[in-house]
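Structure at a glance
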There are 2 protein chains.
Amino acid sequence: MSLEYAILVSLQERAGSGYELARRFDKSIGYFWAASHQQIYRSLKRMVELDWVSCDEVAQDKRPDKKVYRVGEAGAAELARWLAKPVDPPTIRNELSVKIRGACVGDVDGVVEEVARHRQLHSQRLAAFRALERRDFPAPEGLSGQQLHQHLVLRGGILSEEAMVSWLDEALTVLRADLG
Amino acid sequence: MSLEYAILVSLQERAGSGYELARRFDKSIGYFWAASHQQIYRSLKRMVELDWVSCDEVAQDKRPDKKVYRVGEAGAAELARWLAKPVDPPTIRNELSVKIRGACVGDVDGVVEEVARHRQLHSQRLAAFRALERRDFPAPEGLSGQQLHQHLVLRGGILSEEAMVSWLDEALTVLRADLG
DNA sequence: ATTCACATGTAAGCAGTTACATGATTTT
DNA sequence: AAAATCATGTAACTGCTTACATGTGAAT
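With an unreviewed UniProt entry as reference, chain A is termed PadR family transcriptional regulator, source organism Saccharopolyspora spinosa.

Below, the structure is given as structure tokens:
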């Protein structure tokens, strides 16, 4: 049910349509919670039923109508209640690690290639996060409240991607030394 | 379907029962793939149907009978095929980040407490991983093949937990400065 | 003409979680 | 007497993915 709360957080920052939320999940929210438009529309439907959000249909000029969702009192209360509830850290499930661990049975070269590819993907994501940080938080020292929290979450993404790149570099070094 | 492949990797290192596999997933395999006994039994059943593994019932002295599973030719081939296939990095879904991002709506103190709790959990996991490394890989320089791969996967866990602890320390510092 | 951005959905299927279920032996 | 370890399962439910489905207007 975390998706509902991620949506509440986003809508409470600014009201918007399902489509707009999907765009936000592709960008800013994407670095801590991933969601497709199918999931988002389904969740919004549920949240209207629960009366967590209200829905206004808005006619647009030269564009299809849209439904703008807003967080209601019950939604804000529900979010506050959820925030106070402890959660477990996410369960660890890393497909690439399964592949590395199984490399001996198959083609080790292929797995090394795959590690190199992931190294590149993570390094690209890291670059994107750092660009966002430079653009949106040029002076992180002075931040407070909501902006501080937004920056912190981005920092989490950056530190996590840095760790991935370091790990995969280490992996490539020792795997290639072992091969050649 | 990655669970099936994680099981194949484990069984190919050593044959074992569902119960034994569940123990392995609680320990060594747990730092790159989590699985409950319910999942494992279900997957083993499927894998027998697919003829990826064979199953022998073994009577034991003073203990319930057990079923020992072994990787067959088809299973080894299937694992090799899967190893060669590229996969995407896992989708990012971090509940704690949602909470940090939403902290303003609720009780910020409560969220800070939760961050401190997660900091401790990750630091405990990090200590456990480091202990495993010292115990099982006292001389990492000389490793090759399967042992090298096992060590690399553990290194991934260590670097990832280090990043989490760093991030949560950073978060606690700035959140507490912002409060007080 | 085709592709892109806008806009909203349904439905089948798969993976994982939670709860339920049973029973022997060993340790405290 | 109670709890822990060994041992194997079923079933309902939740959440996410993938595929399908439709339609407008603007840009190339």
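After that view of the structure, there is still more to cover.
Under the local residue numbering, the UniProt record ascribes the feature "domain: Transcription regulator PadR C-terminal" (unreviewed entry) to residues 92-176 of chain A. Helix makes up 81% of residues 92-176 of chain A and strand 0%, whereas the separation of the span's terminal C-alpha atoms amounts to 26 Å.

The next point concerns the packing of aromatic side chains. Evaluation of the coordinates by the stated rule reveals eight aromatic pairs over all chains. Measuring from ring centre to ring centre gives 4.5 Å for Y5(B) and W82(B), while their planes differ by 0°; the resulting arrangement is stacked. With Y5(B) in helix α1 (residues 2-13) and W82(B) in helix α4 (residues 73-83), this residue pair connects regions lying 77 residues apart in the sequence. Judged on exposure class, the residue Y5(B) and its partner W82(B) are both buried. Its guanidinium or amino end placed over the ring of Y19(A), R23(A) lies 4.7 Å from that ring's centre, counting from NZ or CZ. Positioned above the aromatic ring of W82(A) is the side chain of K99(B), whose terminal nitrogen or guanidinium carbon lies 4.5 Å from the ring centre.

A word on the UniProt feature "domain: Transcription regulator PadR N-terminal" (unreviewed entry) in chain A. With numbering matched to this structure, UniProt assigns "domain: Transcription regulator PadR N-terminal" (unreviewed entry) to residues 7-80 of chain A. Each end of residues 7-80 of chain A is marked by a C-alpha atom, and these two atoms are 13 Å apart; helix forms 50% of the span and strand 23%.

With that settled, the discussion passes to the protein's contact with DNA strand C. Taken together, 23 residues surround DNA strand C, and among them Y19(A), Q60(A), K67(A), M1(B) and Q38(B) come closest. Measuring from a phosphate oxygen of DNA strand C, one finds a side-chain N or O atom of Q60(A) at 2.3 Å. In the environment of DNA strand C, a phosphate oxygen lies 2.9 Å from a nitrogen or oxygen atom belonging to the backbone of M1(B). The set of elements that each furnish at least two residues to the surface near DNA strand C consists of α2 (18-26), α3 (37-49) and β2 (63-71) of chain A together with α3 (37-49) of chain B. Sorting elements by how many residues they give to the surface near DNA strand C places β2(A) first, with six residues. Considered class by class, the residues forming the surface near DNA strand C number seven nonpolar, seven polar and nine charged.

The next point concerns the interface of chain B and chain A. Listed per partner, the contact involves 66 residues of chain B and 66 residues of chain A. Of all residues in chain B, the largest losses of buried area upon contact with chain A belong to L83(B), I92(B) and R101(B), amounting jointly to 14% of the total for that side. Applying the counting criterion to the chain B and chain A interface returns four salt bridges. E13(A) serves as the salt-bridge partner of R101(B), at 3.0 Å between the closest nitrogen and oxygen. Here chain B and chain A share 26 residue pairs in polar contact (both at pLDDT 80 or more) between them. Residue assignment for the side of chain B that touches chain A shows that the elements contributing at least two residues are α1, α4, α5 (95-102), α6 (108-136) and α7 (145-179) of chain B. Looking at which element gives the most residues to the side of chain B that touches chain A, the answer is α7(B), with 19 residues. Classifying every residue of the side of chain B that touches chain A gives 34 nonpolar, 18 polar and 14 charged.

What counts as what
Residues numbered from 1 in each chain as written. Chains lettered and ligands numbered in written order. Predicted model: local features only at pLDDT ≥ 70, side-chain atom pairs only at ≥ 80, totals over all residues. Heavy atoms only, no water. UniProt positions renumbered as here; feature names shortened; annotations may be inferred. Helix = DSSP H or I, 4+ residues; strand = E, 2+ residues; numbered from the N terminus. Phe/Tyr/Trp six-rings, centres within 6.5 Å; stacked < 30°, edge-to-face > 60°. Buried < 20%, exposed > 50% of the residue type's maximum accessible area, 1.4 Å probe, protein only. Lys NZ or Arg CZ within 6 Å of the ring centre and 35° of its normal. Near = heavy atom within 4 Å. Polar contact = N/O pair within 3.5 Å; in protein donor to acceptor, adjacent residues only side chain to side chain. Nonpolar A, V, L, I, M, F, W, Y, C, P; charged D, E, K, R; others polar. Contact = heavy atoms within 4.5 Å. Buried area = accessible area lost by both parts, 1.4 Å probe. Salt bridge = Lys/Arg side-chain N within 4 Å of Asp/Glu carboxyl O.

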